[in-house]
Amino acid sequence: MDVTFATLKEKGETALIPFLTVGDPDPQTTVDVIMELEAAGANILELGVPYSDPLADGPVIQRASQRALTHRVTIDTCLHVAKQARERGSQMPFVLFTYYNPILQYGLDRFFEELQRNDISGMIIPDLPIEESEEMRARSRAAGVSLVPLVAPTSHERIASILNGAQGFVYCVSSLGVTGERTSFHSNVEQFIKSVQASTDLPVAVGFGISSHEQVKQFSAFCDGVVVGSAIVRQIESQIPLLTDPARKADGLQQIHQFVADLKGTR
């Protein structure tokens with residue numbers, strides 16, 4: 001990921017970081033969608049592990065998780081999807097987005113071994129507080145897999161401790177509450193992000209609620225990366241009738257490609 005951010009910075013560009021739920025509408029289609037996202041201009045990808053009891057996911061991503069779980073998607077499924085995408089030529093860094101309980105059930109030793117084996121660059125664990133993250137941070141450093149920290153507008157005096165020893169990039173949450181598309185953001189969001197940037201040398205990305213080219217452009221003016229989640233998951237949801245019809249699947253994938261290209265401004 002370091003190379004990706006550095007290369008984009010040299011070009012004066014900001015990383016577009018889509019999020020998708022692996023297995024929505026099915027694992028094989030997720031591989032197809034990954035290839036379209038990259039072709040449309042995505043730079044880094046968050047691979048969401050579907051979870052039945054999410055903390056930070058809004059209704060759009062919750063529905064996607066429910067659809068994915070009908071296919072019994074697990075961490076192993078997500079890693080296999082990443083491997084298949086690599087075999088098809090995907091080169092962008094993958095960041096696994098998962099809650100802590102599935103990792104514990106999977107087993108920490110096995111988890112990090114499989115992350116390395118399947119070329120996963122980082123992970124985001126939204127329900128792992130900094131006060132309980134020491135073991136995961138040590139293991140991630142040893143494995144060369146970045147544990148990306150989440151920083152919220154309410155973090156305040158905890159920002160320094162959250163960023164101490166942080167890896168990969170910093171994920172700034174643009175607003176409070178769960179994920180979901182928004183038409184406006186807190187008036188102090190730029191000040192908040194700049195305060196985070198003053199506390200770290202890592203690239204800083206912003207997410208939660210960003211859903212249009214105008215918003216991507218707005219945040220690109222002062223961030224190293226922009227995460228788009230619910231808007232892309234909703235776009236995938238809207239294309240399910242096409243994606244699940246072999247005769248029309250290519251049309252559905254093209255619609256997703258165009259949506260992301262519009263976000264990136266590469267149309």
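Bear in mind that the values here come from a model prediction, so they are computed numbers and not experimental data.

Let's shift gears to empty space enclosed by the protein. Per the counting criterion, the structure on display carries two cavities of 30 Å³ or more. Approximately 40 Å³ is the volume attributed to the second largest cavity. Looking at the lining of the second largest cavity, the elements that each hand over two or more residues are strand 1 (15–21) and helix 3 (59–69).

Attention now moves to the pairing of strand 7 (residues 170–173). Every second residue of strand 7 is oriented toward a common face, with Val170 and Cys172 on one face and Tyr171 and Val173 on the other, all of them buried. In the sheet, strand 7 pairs with strand 8 (residues 204–207) via four bridges, with the strands oriented parallel. By the bridge assignment for strand 8, Cys172 is matched with Val206.

Pairing within the open sheet is parallel, and its nine strands lie in the order 5-4-3-2-1-9-8-7-6. Strands at the two margins of the open sheet, each flanked by one partner only, are strand 5 (146–147) and strand 6 (150–151). In terms of strand pairing, strand 8 meets strand 9 (residues 225–228) through two bridges, oriented parallel. Paired with Ala205 across the bridge in strand 9 is Gly225. Strands in contact with helix 4 (residues 75–87) are strand 2 (45–48) and strand 3 (94–97); relative to strand 3, the strand with the most contacts, it is inclined by about 165 degrees.

All right, on to helix 7 (residues 134–143) then. By the burial criterion, the buried members of helix 7 are Met136, Arg137, Ser140 and Ala143. Down the axis of helix 7, the buried set is contained in an arc of 135 degrees. They therefore lie on one face. For helix 7, exposure combined with an orientation more than 90 degrees from the buried face picks out Glu134 and Ala142. If you follow the buried residues of helix 7, they end up packed against helix 5 (100–106), helix 6 (108–117), strand 4 (122–124), strand 5 and helix 8 (159–163). With its phi angle positive at about 70 degrees, Gly144 sits one or two positions after the end of helix 7.

Turning to the nonpolar core, a few remarks are in order. Within the largest apolar cluster, 68 residues are counted, with the highest numbers of intra-cluster contacts made by Phe111, Met136 and Ile193. Considering every element that reaches this core, the biggest residue donor is helix 4, with six residues. Dropping the residues within four chain positions of it, Met136 is found in contact with Tyr100, Ile103, Leu108, Phe111, Phe112, Met123, Ile125, Leu128 and Leu147. Grouped together as the second largest cluster of nonpolar side chains are 24 residues, Met1, Phe19, Val95 and Tyr99 included.

This next bit is on helix 4. The terminal C-alpha atoms of helix 4, which comprises 13 residues, lie 19 Å apart, in line with the 18 Å expected from a rise of 1.5 Å per residue. For helix 4, the set of buried residues is Ile75, Thr77, Cys78, Leu79, Val81, Ala82, Gln84, Ala85 and Arg86. For helix 4, the secondary structure elements touched by its buried residues are helix 2 (27–39), strand 2, strand 3, helix 5 and helix 6. In this structure Thr74 caps helix 4, since a side-chain oxygen of it lies 3.3 Å from the backbone nitrogen of Asp76.

Side-chain pairs of opposite charge can arise where the charged atoms are in close proximity. What the rule picks out here adds up to 13 salt bridges. For Arg248, the salt bridge goes to Asp245, with nearest N and O atoms at 3.0 Å. According to the relative accessible area criterion, Asp245 is partly exposed, its value standing at 24%. It is possible to trace a salt-bridge network through shared partners that takes in Asp24, Arg63, Arg67 and Glu237.

Note on backbone geometry: most residues besides glycine have negative phi, and most peptide bonds are trans. At the junction of Asp24 and Pro25, the peptide bond is cis and its omega measures out at 5 degrees in the coordinates. Relative to the helices and strands, Pro25 resides in the loop between strand 1 and helix 2. In the Ramachandran plot, Asp119 falls in the positive-phi region, its phi being about 60 degrees despite a non-glycine side chain. By the element assignment, Asp119 lies in the loop between helix 6 and strand 4.

Definitions and limits used
- Residues numbered from 1 in each chain as written.
- Predicted model: local features only at pLDDT ≥ 70, side-chain atom pairs only at ≥ 80, totals over all residues.
- Heavy atoms only, no water.
- 1 Å grid on protein atoms, 1.4 Å probe; cavity = no way out; pocket = protein on both sides within 12 Å on 5 of 7 lines; lining within 4 Å.
- Points joined across faces, edges and corners; volume = space filled by probe spheres on them.
- Helix = DSSP H or I, 4+ residues; strand = E, 2+ residues; numbered from the N terminus.
- Buried < 20%, exposed > 50% of the residue type's maximum accessible area, 1.4 Å probe, protein only.
- Pairing = 2+ DSSP bridges.
- Contact = heavy atoms within 4.5 Å.
- Axes fitted to C-alpha atoms, helices over the stretch in contact; angles between N-to-C directions.
- Arc of directions from axis to C-beta.
- Core = buried A, V, L, I, M, F, W, Y, C linked by side-chain atoms within 4.5 Å.
- Expected span 1.5 Å × (residues − 1).
- Polar contact = N/O pair within 3.5 Å; in protein donor to acceptor, adjacent residues only side chain to side chain.
- Salt bridge = Lys/Arg side-chain N within 4 Å of Asp/Glu carboxyl O.

These figures come from the coordinates and say nothing about function on their own.
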